[in-house]
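Architecture at a glance
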Amino acid sequence: MSAPLVLPAAEPGDFTAGSVYFIGNATTLIRYGGFTILTDPAFLHAGDHVHLGHGMYARREVEPACGVADLPPLDFIVLSHHHGDHFDDVAAEQLDKNVPIVTTEHAVGLLSEQGFTQGYALDTWQCQTVTKGGDEVRVSAMPAKHDPDPVAGMLPPTMGSMLDFSRSGERSFRIYISGDTLLHDRLYDIPQRYPGIDLALVHAGGTTLLGTVVTMTGEQAVRAVEIVDPRTAVPIHYNDFSVFRSGLEDIKQAAASSSSSAEFHYLDHGETYHFRPR
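Reference entry: report on the structure contained in this document. All values reported here derive from a predicted model rather than from experimental measurement. Throughout this description, residue numbers start from 1 for each chain and increase along the sequence as written. Where local features are concerned, this predicted model is filtered to residues with pLDDT of at least 70; where side-chain atom pairs are given and counted, the filter is 80 or more; whole-chain, interface and lining totals use all residues. Excluded from the side-chain calculations are hydrogens and water; all other atoms, namely the structure's heavy atoms, are used.

Quick notes on the overall build of the chain
A run of H or I in DSSP becomes a helix once it reaches four residues, and a run of E becomes a strand once it reaches two; helices and strands are each numbered from the N terminus. Within the chain, the secondary structure is distributed over five helices and 19 strands. In this treatment the radius of gyration is a C-alpha quantity, and the globule benchmark scales as 2.2 Å times the residue count to the 0.38 power. Computed over its C-alpha atoms, the radius of gyration of the chain comes to 17 Å, within 12% of the 19 Å expected for a compact globule of 278 residues. Dimensions of the chain, computed from the C-alpha atoms along their principal axes, are close to 50 × 45 × 30 Å. Only the protein chains shown count as cover for residues, with accessible areas throughout obtained via the Shrake-Rupley method and a probe of 1.4 Å. Surface accessibility of the chain: about 11,300 Å² in total, with carbon and sulfur atoms responsible for 46%.

Observations concerning the sheet that holds strand β11 (residues 135–142)
With mixed pairing, eight strands are arranged side by side in an open sheet as β1-β10-β11-β12-β13-β14-β17-β18. Looking at the sheet topology across the chains shown, the edges are occupied by β1 (5–7) and β18 (263–264). The pairing of strand β17 (residues 232–236) with β18 spans two bridges and is parallel. Across the sheet, the residue bridging to A233 is F264, located in β18. A contact between two residues is defined here by any heavy atoms of the two lying within 4.5 Å. To define axes, lines are fitted to C-alpha atoms, for helices over the stretch in contact only, and angles between the resulting N-to-C directions are given on a 0 to 180 degree scale. Across the sheet, helix α4 (residues 218–228) lies against β13 (170–177), β14 (199–203), β17 and β18, angled at about 150° from β14, the strand it touches most. Two strands form a pair only when DSSP identifies at least two bridges running between them.

Quick look at the packing of aromatic side chains
Two rings from Phe, Tyr or Trp (for Trp, the six-membered ring) form a pair when their centres are within 6.5 Å of each other. A pair whose planes differ by under 30 degrees is stacked, one over 60 is edge-to-face, and the rest are tilted. Counted by the stated rule, this structure contains 12 aromatic pairs. Ring centres of F264 and Y266 lie 6.4 Å apart, and the angle between their planes is 20°; this geometry places the pair in the stacked category. Look at NZ for Lys and CZ for Arg. If either is within 6 Å of the ring centre and within 35 degrees of the ring normal, a charge sits over the ring. Residue placement shows K97 over the ring face of F116; its charged tip is 4.9 Å from the ring centre. If you follow K132 out to its NZ or CZ, it ends over the ring of F35, 5.7 Å from the centre.

Observations regarding the environment of R223
Inspection of the secondary structure assignment puts R223 in helix α4. Buried means the residue's accessible area, taken with a 1.4 Å probe over protein chains only, is under 20% of the maximum for its type, while exposed means over 50%, and partly exposed covers the values in between. Using a relative accessible area of 32% as the deciding quantity, one classes R223 as partly exposed. Those residues in contact with R223 that sit more than four places away from it in its chain are L183 and Y188. A polar side-chain atom of R223 sits 3.1 Å from a polar atom in the side chain of Y188. N or O atoms within 3.5 Å of each other form a polar contact, as long as, within protein, one can give a hydrogen and the other can take it, and as long as residues adjacent in sequence are counted only when both atoms are side-chain atoms.

Considering the environment of R59
Structurally, the position occupied by R59 is in strand β6 (residues 56–59). Each C-alpha atom of the pair R59 and Q192 lies 38 Å from the other, and the pair is 133 residues apart in sequence. Residues in contact with R59, not counting those within four places in the same chain, are G47, D48, H49, D240, F241 and S242. One polar contact links R59 to E61, side chain to side chain, over a distance of 2.5 Å.

Laid out in structure tokens, this is it:
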């Protein structure tokens, strides 16, 4: 574990209720325990194109629910990987260059080149603690696999995340964010190491590059929920870009016949999911 990131102490955070605001793609705003956390910031407008590397492009199909200027003050950002549809040119230009960003080592290097000064790099199972007085959120990097053959090596390394919120050392709520990943054996390690997941934000979409699926389809995303076993699952990253081949209806259909005990909750852009601890 690296040294804690200590934020200025404020009034004790509210641990009785929290929220996830769905901006679009993998971009969400999580508010709980006095912390305000942005995930995978992408704010290009519908119709804009993003470069995915190696001559690959994608068109944004859905307008994000808000812009950078509409965001509240952020405590930090959790970034699954540095790719054009997860950290785009708008984010690079408009976000505060001093906002802390917890992400992969690869992403920290690229963020530094873009002028961001507070990158915190994690490898799988490593964690970064962020504190505000007696309130704390611990961000742990979860295993993720994003680049099967024949596109192996063409995509940046990625990570999932586990967010553990606590006050005075007592955990109150646990959020799993899958990041861009496919089904893989290391997902089974997650509920062994981190049981009792309260909420899972699961990336789906069936992103297809060069004829190869590189993120989970709706059916695979539901299977991932069965594996990590959260109390509630909210699918995201499912219809925003032209390279997506598996939409929200695929997730709903798979969830309807799933063996998972999780409650699936579906968000449209601009909607908020409100949650409470057990």
